Amino acid sequence: MVSTAPTAIQLNSFSVAQADRDLDPTSFLATAPTWYPAVVPGGVHESLLAAGVIQDPYTDTNEASVRWIEERDWWYRATFPGVDAEPGERLRLVFHGLDTVVTIWLNGEELGHHENQFRPAEFDVTDLLQAGNEVLLRFTPPLAGRSIPPSVRAMNEALAKLYVPEGAAAGDGDGGMPFEIESGPLSATLSLATTLRKATFSWGWDFGPRVASIGIWRPVELVREPPVAIVGHHVAVSGLRPGADGPRGFADVVLRVQLNHGKPGLRARVKLVSPSGATAEHEFPFSGSGSAGSAGDTASTTVTVVDPELWWTHDLGAPDRYDVTVEVVQDRTVLSRVTDRIGLRTIELDRQEDPEGGRLFRFVLNGVPVFSRGAAWVPASMLVGSVTDQKYRDLLTLARDGNMNTVRIWGGGVYENDAFYEITDELGILVWQDFMFACTDYPSRDEHLQREVELEAAYQVRRLRNRASLALWCGNNEVQMIHGGVFQGLEPGDWGWDFFNRILPAAVDAEDGFTPYWPGSPFGEDPDDGFMAANGFRDGDRHAWEVWHGMSMTSTPEQFESIGHSRLYRRYADDTGKFISEFGIHASPELGTLRRWVRDEDLAVHSAAFDAHNKDNPKDKHDPILEIVTGLPTTLDEYAQFTMVSQAEGLKFGIEHYRRRQPHCSGALIWQLNDAWPGFSWSVIDYDLVPKAGYHAARRAFAPVLASFRETAAGAELWVSNSGIAAVRTTARIARVGFDGRTRSSETVEVELGQGDSRAFWEGAAAVDEILWVDSDDETFPANRLLPEEVKDIAFESRGVESTVTRVDDTTATVEIRSAGYNFFVHLDSPAVGVRFSDNYFDLRDGEATTITVRGLTADSDLAQLVALPYAGSLTRTAS
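Residues numbered from 1 in each chain as written. Predicted model: local features only at pLDDT ≥ 70, side-chain atom pairs only at ≥ 80, totals over all residues. Heavy atoms only, no water.

### Quick word on the overall build of the chain
Test applied: Runs of H or I in DSSP of at least four residues are treated as helices and runs of E of at least two as strands, each being numbered from the N terminus. Every radius of gyration here is taken over C-alpha atoms, with the globule rule written as 2.2 Å times N^0.38, N being the number of residues. Relative accessibility under 20% of the residue-type maximum defines a buried residue, over 50% an exposed one, and the middle range a partly exposed one, all with a 1.4 Å probe and only protein chains included. Contacts were defined at the residue level, with two residues in contact if any of their heavy atoms lie within 4.5 Å. Areas reported here follow the Shrake-Rupley algorithm with a probe of radius 1.4 Å; residue values treat only the protein chains shown as occluding.
Across its full length, the chain holds 17 helices and 45 strands. The C-alpha atoms of the chain give 28 Å as radius of gyration, which agrees with the globular expectation for 880 residues (29 Å, within 12%). Across its three principal axes, the chain shows a C-alpha extent of roughly 85 × 75 × 60 Å. Per-residue burial over the chain gives 60% buried out of 880 residues. For the chain, the share of sequence-separated contacts (at least 6 apart) that also reach a separation of at least 24 residues comes to 71%. Of the roughly 32,400 Å² of accessible surface on the chain, a fraction of 48% belongs to carbon and sulfur atoms.

And the structure:
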């Protein structure tokens, strides 16, 4: 039997109203405010949008029209009936997420003040509840009254002497900057926010607008906590051991249970049920039970699981999980019970010496080295409280289907909701988890801020430690890189050092103990990289922004033929980094997405509304690259396609290079997977969840086994890279294809390759008038090709494509596409949000046919829209 168990009453029926600054509850209520139904979880913007008070801030140029929201006080109100506590029971009012500066009252009595978006606000209200109850919250402007800390101002002044970013306006900027920046890492607003634990991207970034969320962004609960309740549990594998004979193996599993209060005679009981149904039950005592005034009692033990069914990433095996039941028992009575689903696995960060020089940087899952293939995750909306579980699932499923095995949660956003990590566990995707610090110095010697960071870190590590998908805790995004670059060193000081070297690793060690910790991204320690070690080539991870931003890869400036060549994707070939945790190229979303968010009359290349949806500067930064790759676009359709071509060809080139370097390089994470609003960015999936051409190029390049061509002085080499779980044996067919799409000659080569290996199998000449093509009959790897020149310089002889559409059922259809001539960048446009194509943006040779599966249709979908289209550049050349 279960005598008592924690229960929760949801309190999400709130109203919201605005008010003058700093009123107390009595004065505020006396103003007879106008109340609107509040969207909880959500925020003020979502509530006002639902009430028709504001227009959607993502549409056209509306973002500026909602700036006033962050400058007002906002009150939330809810009422709920009384609850009688049972003997020994406590009643806790829990706000799981408050964004951000807020004071809370219950029945006229102030409960407390809270200033951290990243941890709950909890209050014992056992003795405060009445027959009818009213809770009030006052959110105040998050930046009101704040000043830039001296250490941050000093950083800004030093940085200003070195760097004036493109797009910055001259003048007397705030925060020690001799220029003004609207948003992002160098903005005065971000400098003000360094003492505030709120998502740094709230104030605008180079991929999103300034729409600073505010309000109750996670659920509110009244929790009934019995006298004895489980408040924490941890199930982790400390080691794997092979069997003495045969295939049997063993996992040493640490079980830990934490209570709110201890009492004599308590025991913990943990039951593990494997995916195949094998059951094991373990019972063990609590240490210290019965000691006077004992609280937070803990029971722990290590058990052996025979023939463990391990959790793997989806590309290496099955992401199996155990059903876990944790109970506290006294005699035959169960006092408290929690259930969970937990994958058994080991995860290590391998930094052994690399024979190439420096040190490796790679994850080892269950003893198997992993090449991390994936992307960085940014919040799926600027309004973080409105991201649904379904949107998590849609995006992460696209990542899985895109052959990605890793996502990196970027430190400028938020720790995502529990549903996110539940889905990554289910789908078999590793999570690199940044702590929420990004791109600026932090006053880490401020005692109040230190305490907030300690509480936040302890809470988040406890919350996520049981996630099989959790691969790494990382201190921040780009703090050491920027600070070290400016001051040419990372000596201890008031810039974040105490956070990243003391407080955060201590929290990971105390609350987890099994997941690796890394001080920052990027970060490295090799002295041969000098003051650039934090983003060096010989150790740790690095952000490869030399491409796109046109920066130098050395401490001395490099010379380039043009600005476009300084930003060109071909520079990835010079990158010898060990793990590339950011690299990316901008691209437009599909035209259908743009037209859903910008009115047709305002939608033209570099119109005001068009450029308002591009937060990178200068707005024409891509143009010098396009001049080289595709030529400059003359129409909106060309702009969308040409930027997608540039991104797709660039990501393909970069991923292939990094994978050929395996194991010296063991990770390629694209910046970025998704978007926070409908704009132009580095994402490969746009805000409406439509994959760009870059997504499909990366999907093919991220296949577990990749065949790719490497250009050499003598011609080209064919490399095969194996990131799968088993050795590979196949036959590769290499063809020389004319621009008319016809095969001129072909040959085969036998391929045998071990797990984790990458090497060349063929070398030959490469002519300027032919395309090298490789495939295999058994489809061990996806077909690939090497173009002899940039796209704009190739005279593809396209004679068009034919499409035949067949409806399978109400939600599914197939499109058979047949090519005449060589057709580059064949694609189908999405007829509606939610429609998915099994493949898109691909090349077809003369006479070649392929069949695309289309899902997400409705019974009313117009199948006539499912027409394969050739490349816009091909149409331009044909017309001319």
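### Brief notes about the packing of helix α7 (residues 447-464) against helix α9 (residues 497-511)
What counts, and what does not: Whenever a helix is involved, its axis is fitted only over the stretch in contact; in every case the axis is a line through C-alpha atoms, and angles between N-to-C directions fall within 0 to 180 degrees. Crossings are classed by handedness, with left-handed meaning an anticlockwise turn of the near helix from the far one by less than a right angle and right-handed meaning a clockwise turn. By the convention adopted, Pro, Cys, Tyr, Trp, Phe, Met, Ile, Leu, Val and Ala count as nonpolar, Lys, Arg, Asp and Glu as charged, and the other residues, Gly among them, as polar.
Interaxial distance between α7 and α9 falls to 9 Å at its minimum, and their mutual angle equals 35°. Pair α7 / α9 crosses with right-handed handedness. Across the interface between the two elements, L449, Q450, V453, E454, A457, A458, V461 and R462 of α7 pack against D498, F499, R502, I503, L504, A507, V508 and E511 of α9. When the residues that make up the contact of α7 with α9 are grouped by side-chain class, the tally is 10 nonpolar, 1 polar and 5 charged.

### Topic: the nonpolar core
Across soluble globular proteins, nonpolar side chains show a tendency to be buried alongside one another. To keep things clear, this is the line we draw: For the purposes of this section, nonpolar cores are sets of buried Ala, Val, Leu, Ile, Met, Phe, Trp, Tyr and Cys residues that join through side-chain atoms within 4.5 Å.
Residues F435 and F583 are the most contacted members of the largest nonpolar core, which totals 98 residues. Here this core takes 6 residues from α9, the largest share from any one element. When near neighbours in sequence (up to four residues on either side) are disregarded, F435 contacts G411, Y415, A457, V461, W473, C474, G475, N476, L504, V508 and Y517. By size, the runner-up hydrophobic cluster in this structure holds 46 residues, among which are V368, L430, L472 and W518.

### Considering the pairing of strand β8 (residues 109-114)
Formally: A pair of strands is treated as paired once DSSP finds two or more bridges between them.
Direction of pairing for strand β7 (residues 102-106) relative to β8: antiparallel, over a ladder of 5 bridges. Its bridge partner lying in β8, V102 is registered against H114. If you look at the hairpin formed by β7 and β8, you'll find 2 residues sitting between the two strands, and N107 has a positive phi there, around 50°.

### Points about empty space enclosed by the protein
We count it as follows: In the cavity and pocket records, a cavity denotes points on a 1 Å grid over the protein atoms alone where a 1.4 Å probe fits but cannot get out, a pocket denotes an open set with protein on both sides within 12 Å along at least 5 of 7 lines, and lining residues are residues with an atom within 4 Å of a point. Grid points are joined across faces, edges and corners, and a volume is the space filled by probe spheres set on the points.
Inspection of every chain in the model, using the stated rule, returns 3 cavities of 30 Å³ or more. By volume, the largest cavity amounts to about 90 Å³. Lining the largest cavity are 15 residues, and of these V235, A236, G343, R345 and R465 sit closest to its centre. Of the residues in the lining of the largest cavity, the class split is 7 nonpolar, 4 polar and 4 charged. A volume near 40 Å³ is recorded for the second largest cavity. E115, R146, T195, L196, R197, H448, L449 and E452 are the residues that line the second largest cavity. Residue composition of the lining of the second largest cavity, by class: 2 nonpolar, 2 polar and 4 charged.

### Some details on the state of the cysteines
Selection criterion: Two cysteine sulfurs form a disulfide in these notes if their separation is within 2.5 Å.
Counting across every chain of the model gives 0 disulfides. Looking at the unpaired C665, the closest cysteine sulfur is the one in C474, lying at 17 Å.

### Examining the packing of aromatic side chains
Quick reminder of the rule: Only the six-membered ring of Trp is used, alongside the rings of Phe and Tyr, when aromatic pairs are assigned; centres must lie within 6.5 Å, and planes under 30 degrees apart are stacked while those over 60 apart are edge-to-face, with the rest tilted.
Inspection of the entire model under this criterion finds 51 aromatic pairs. On the basis of an interplanar angle of 40° and a centroid distance of 6.0 Å, the ring pair of W377 and Y392 is categorised as tilted. Remark: Y392 occurs in helix α5 (residues 389-401) and W377 occurs in strand β25 (residues 372-377); sequence separation between them is 15 residues. Y392 matches W377 in its accessibility class, with the two residues each being buried.

### Brief notes about the sheet that holds strand β33 (residues 705-712)
As summarised here, the arrangement of the 3 strands in space is β33-β34-β37, forming an open sheet in which the pairing is antiparallel. The strands lining the two open edges of the sheet, one partner per strand, are β33 and β37 (758-764). On average, each strand axis in the sheet is tilted by 25° relative to the strand beside it, whichever way the strands run. Packed onto the sheet, helix α15 (residues 636-660) meets β33, β34 (715-722) and β37 and runs at close to 100° relative to β33.

### Section: the sheet that holds strand β45 (residues 849-855)
As summarised here, the arrangement of the 4 strands in space is β40-β41-β45-β43, forming an open sheet in which the pairing is antiparallel. With one partner strand each, in any of the chains shown, β40 (798-809) and β43 (836-837) form the two edges of the open sheet.

### Details of helix α6 (residues 418-427)
The element α6 is largely enclosed, with a buried count of 7 among its 10 residues. Restricting attention to buried positions, one finds in α6 the residues A419, F420, Y421, I423, T424, D425 and L427. Contacts made by the buried residues of α6 are with β25, α5, β26 (406-409), β27 (430-434) and α7.

### Overview of the packing of helix α3 (residues 150-162) against helix α8 (residues 479-487)
Cut-off, in case you're wondering: Orientation is classified from the angle alone, with under 35 degrees giving roughly parallel, over 145 giving roughly antiparallel, 65 to 115 giving roughly perpendicular, and any other angle giving oblique.
Contact geometry of α3 with α8 gives a least axis separation of 10 Å together with a crossing angle of 65°. When the axes of α3 and α8 are compared, the pair comes out roughly perpendicular. Of the two elements, α3 crosses α8, and the hand of that crossing is left-handed. Within the contact between the two elements, α3 uses A154, M155, A158, L159 and L162 and α8 uses I482, H483, G485, V486 and F487. Looking at the contact of α3 with α8 residue by residue, the classes come out as 8 nonpolar, 2 polar and no charged.

### Some details on the side chain of D512
Selection criterion: Neither His nor the chain termini are counted; the positive set is Lys and Arg, and the negative set is Asp and Glu. Every case where a carboxyl oxygen of Asp or Glu lies within 4 Å of a side-chain nitrogen of Lys or Arg is listed as a salt bridge. Any pair of nitrogen or oxygen atoms within 3.5 Å is treated as a polar contact; in protein, a donor-acceptor pairing is required on top of that, and neighbouring residues in sequence qualify only through side-chain atoms on both sides.
Summarising the element assignment, D512 is placed in the loop between α9 and β29 (517-518). This buried residue, D512, is left without a salt bridge; R345 holds the nearest opposite charge, at 6.6 Å. In terms of polar contacts, D512 uses its side chain to reach the backbone amide nitrogen of F514, at 2.9 Å. Setting aside residues up to four positions removed in sequence, D512 forms contacts with H234, R256, V461, R465, L470, W473 and A507.

### Quick look at the pairing of strand β20 (residues 322-330)
Most of β20 is tucked away: 7 of the 9 residues are buried. Pairing between strand β17 (residues 267-273) and β20: 7 bridges, direction antiparallel. Bridge pairing in β20 places L272 opposite V324. Pairing of β20 with strand β21 (residues 333-342) involves 9 bridges; the strand directions are antiparallel. Each bridged residue has a counterpart across the sheet, and for D323 the counterpart in β21 is R341.

### Description of the confidence of the model for the chain
Applicable threshold: Values of pLDDT, which run from 0 to 100, indicate the predictor's confidence residue by residue.
For the chain, the mean per-residue pLDDT works out to 92, and 94% of the residues sit at or above 70. Counting interchain partners and residues more than four positions distant, the pLDDT-below-50 stretch residues 289-295 has 13 contacts. Confidence drops under pLDDT 50 across residues 875-880; counting only partners more than four residues distant or on other chains, this segment forms 7 contacts.

### Topic: the pattern of salt bridges
Under the defined criterion, the tally for this structure stands at 69 salt bridges. Two residues, D22 and R21, come together in a salt bridge whose shortest N-O distance is 3.3 Å. When its relative accessible area of 37% is taken as the criterion, R21 is described as partly exposed. The shortest N-O distance in the salt bridge between R337 and E327 comes to 2.7 Å. Within this pair, whereas R337 is found in strand β21, its partner E327 is found in strand β20, the two being separated by 10 residues in sequence. Relative accessible area serves as the criterion here: at 9%, E327 is assigned to the buried category. A single salt-bridge network, built from bridges that share partners, covers R267, R269, E283, E327 and R337.

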